[in-house]
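# Remarks on the overall topology
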Amino acid sequence: MTGGASYGVLRRPVAVVFDLDDTLLTAYRTPERTWAAIIAEHADALGEHDSRWVTANVLNRVLEFLSRDEGRKMWRLEGDATRRQVVRSAFHRLNLARPPGSEPLHGVDADRIADRFETFLEETIRLKPGARDMLDQLTGQGLRLALLTNGSGPRQRDKITRFDLEKYFQIIRIEEEVGVGKPEAAAYSGLLADLGLPPARAWMVGDDPVWDVTAAAEAGMTAIFYSEDPLAPTPAKAAARISTLEDLPPLVVGADQSAGQGSAR
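Report on the accompanying structure. All figures in this text were calculated on a predicted structure; none of them were measured in a lab.

## Observations regarding the environment of A240
Within the fold, A240 resides in strand β7 (residues 240-242). When the C-alpha positions of A240 and L10 are compared, they lie 8.4 Å apart, and in sequence the two are 230 residues distant.

Now the structure itself:
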């Protein structure tokens with residue numbers, strides 16, 4: 001569906017749980033543009049090598065690394081060291097070198113490029129359009145709100161503070177702080193225990209088809225898939241799909257309070 005919300009009969013929630021990155025905040029969904037911009041900034045380190053070719057190869061190595069669950073966890077929790085390792089390995093594969101007699105590019109320049117990733121995101125991250133109004137509306141509807149996010153405590157807390165989001169959430173659980181993250185079952189059960197609610201009374205809203213939809217649904221929550229990409233497939237276990245955050249309050253209002261324990265699709 002290209003716009004609006006798609007859903008069957010939903011049970012009205014007591015609480016709505018949100019993902020943070022790429023749901024409430026723009027963050028990591030466009031790695032191609034992020035790495036292209038970073039490498040273009042460091043064109044002086046590439047010598048005669050075409051930045052687009054270097055970008056394509058670095059991106060390929062990054063995505064290869066992130067295709068493994070353990071790789072994604074290291075990227076989140078040991079970010080600086082992990083990014084240096086990945087970018088160095090990409091440049092090592094390319095066997096890039098600066099002008100004759102200089103150090104290989106997989107040395108200091110690779111680290112400089114890798115270190116730029118986090119600061120680049122900090123400079124470009126934004127609150128998603130309609131996010132604050134949506135949170136205000138849900139709060140006004142009497143719903144309890146919670147945040148369930150993966151990543152390091154300091155970095156996630158910094159984002160939450162920067163965009164003044166803490167005031168909206170009764171519960172905030174960050175992977176590094178609580179010792180467990182999505183898609184592990186304990187991440188959802190721990191959050192529900194903090195809320196004091198059974199899974200059927202909580203919705204999970206997020207952009208990741210596994211972490212925010214499949215795993216949440218398997219934990220018994222009603223999973224709402226958020227994607228701005230009309231071509232992205234809807235996960236089989238999604239109870240509903242929204243394409244903008246503004247779609248969520250009407251979805252809650254339209255939910256059937258008398259529906260059964262699950263959500264019909």
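## A few points about the packing of helix α2 (residues 51-66) against helix α3 (residues 69-77)
Viewed as axis vectors pointing N to C, α2 and α3 meet at an angle of 110°, and their least axial separation amounts to 6 Å. Of the possible angle classes, the one that applies to α2 and α3 is roughly perpendicular. In this structure, α2 contributes V62, F65 and L66 to the contact, and α3 contributes G71, R72, M74 and W75.

## A word on the side chain of D208
Its place among the elements puts D208 in the loop between β5 (202-206) and α10 (209-218). The exposure class assigned to D208 is buried, which follows from its relative accessible area of 9%. At 3.3 Å, the side chain of D208 forms a polar contact with the side chain of R72. A distance of 2.9 Å separates a polar atom in the side chain of D208 from the backbone nitrogen of V210. Not counting residues within four places of it along the chain, the set of residues in contact with D208 comprises R29, R72 and V213.

## Topic: the nonpolar core
Core analysis: the largest hydrophobic core is formed by 34 residues, its most contacted members being F18, L24, L145, L165, F169, W203 and L248. The set of elements that each furnish at least two residues to this core consists of β2 (15-18), α6 (131-140), β3 (144-149), β4 (171-174), β5, β6 (222-226), β7 and α11 (248-254). With 4 residues, the single largest contributor to this core is α6. Residues L46, V58, F65 and L94 belong to the second largest nonpolar core, which totals 21 residues.

## A word on the environment of L121
For L121, the position within the fold is in helix α5 (residues 108-124). Sequence spacing of L121 and T26 is 95 residues, and the spatial spacing of their C-alpha atoms is 9.1 Å. Apart from residues lying up to four places away in sequence, L121 is in contact with A27, Y28 and T34.

## Side note on the packing of aromatic side chains
With the rule as written, the count across this model stands at 3 aromatic pairs. Geometrically, the ring pair formed by W35 and F117 is stacked, given 5.1 Å between the ring centres and 20° between the ring planes. With W35 in helix α1 (residues 31-41) and F117 in helix α5, the pair connects residues that are 82 residues apart, well separated along the chain. By relative accessible area, W35 is classed as buried at 1%.

## Here we look at α2
Counted at 1.5 Å a residue, the expected span for α2 with its 16 residues is 22 Å, and the 22 Å between its end C-alpha atoms agrees. Of the residues making up α2, those classed as buried are V54, T55, V58, L59, R61, V62 and F65. Summarising the axial view, the buried residues of α2 lie within an arc of 165°, below the 170-degree limit, and thus occupy one face. The elements touched by buried residues of α2 are α1, α3 and α4 (79-94). By the N-cap criterion, in which a side-chain oxygen at the helix start approaches the backbone nitrogen of a residue two or three places on, α2 is capped by D50, the distance to R52 being 3.1 Å.

Parameters and conventions
- Every chain begins its residue count from 1, and numbering advances along the sequence as written.
- Confidence filtering applies because this is a predicted model: local features only for residues at pLDDT of at least 70, side-chain atom pairs given and counted only at 80 or more, and all residues used for totals across whole chains, interfaces and linings.
- The side-chain numbers reported here are obtained from all heavy atoms of the structure, hydrogens and water having been left aside.
- Strands are runs of DSSP state E lasting at least two residues, helices are runs of H or I lasting at least four, and both sets are numbered from the N terminus onward.
- Here, axes are lines fitted to C-alpha atoms. For helices the fit covers the stretch in contact, and angles between N-to-C directions go from 0 to 180 degrees.
- When describing relative orientation, an angle under 35 degrees is termed roughly parallel and one over 145 degrees roughly antiparallel, while 65 to 115 degrees is termed roughly perpendicular and anything else oblique.
- Only heavy atoms enter the contact rule, under which two residues are in contact if any of them lie within 4.5 Å.
- Burial status follows relative accessibility: with a 1.4 Å probe on protein chains alone, a residue under 20% of its type maximum counts as buried, one over 50% as exposed, and anything between as partly exposed.
- Each polar contact in these results corresponds to two N or O atoms within 3.5 Å; when the atoms are within protein, one needs to be able to donate a hydrogen and the other to accept it, and residues that are neighboring in sequence are counted only if both atoms are side-chain atoms.
- As used in this record, nonpolar core signifies buried Ala, Val, Leu, Ile, Met, Phe, Trp, Tyr and Cys residues forming a set joined through side-chain atoms within 4.5 Å.
- Pairing of aromatic side chains requires ring centres within 6.5 Å, counting the rings of Phe and Tyr and the six-membered ring of Trp. Pairs whose planes differ by under 30 degrees are stacked, by over 60 edge-to-face, and all others tilted.
- Given the number of residues in a helix, its expected span is that number minus one, multiplied by 1.5 Å.
- Here, the arc refers to the directions that run from the helix axis to the C-beta atoms.

Just distances and angles here, no functional claims.
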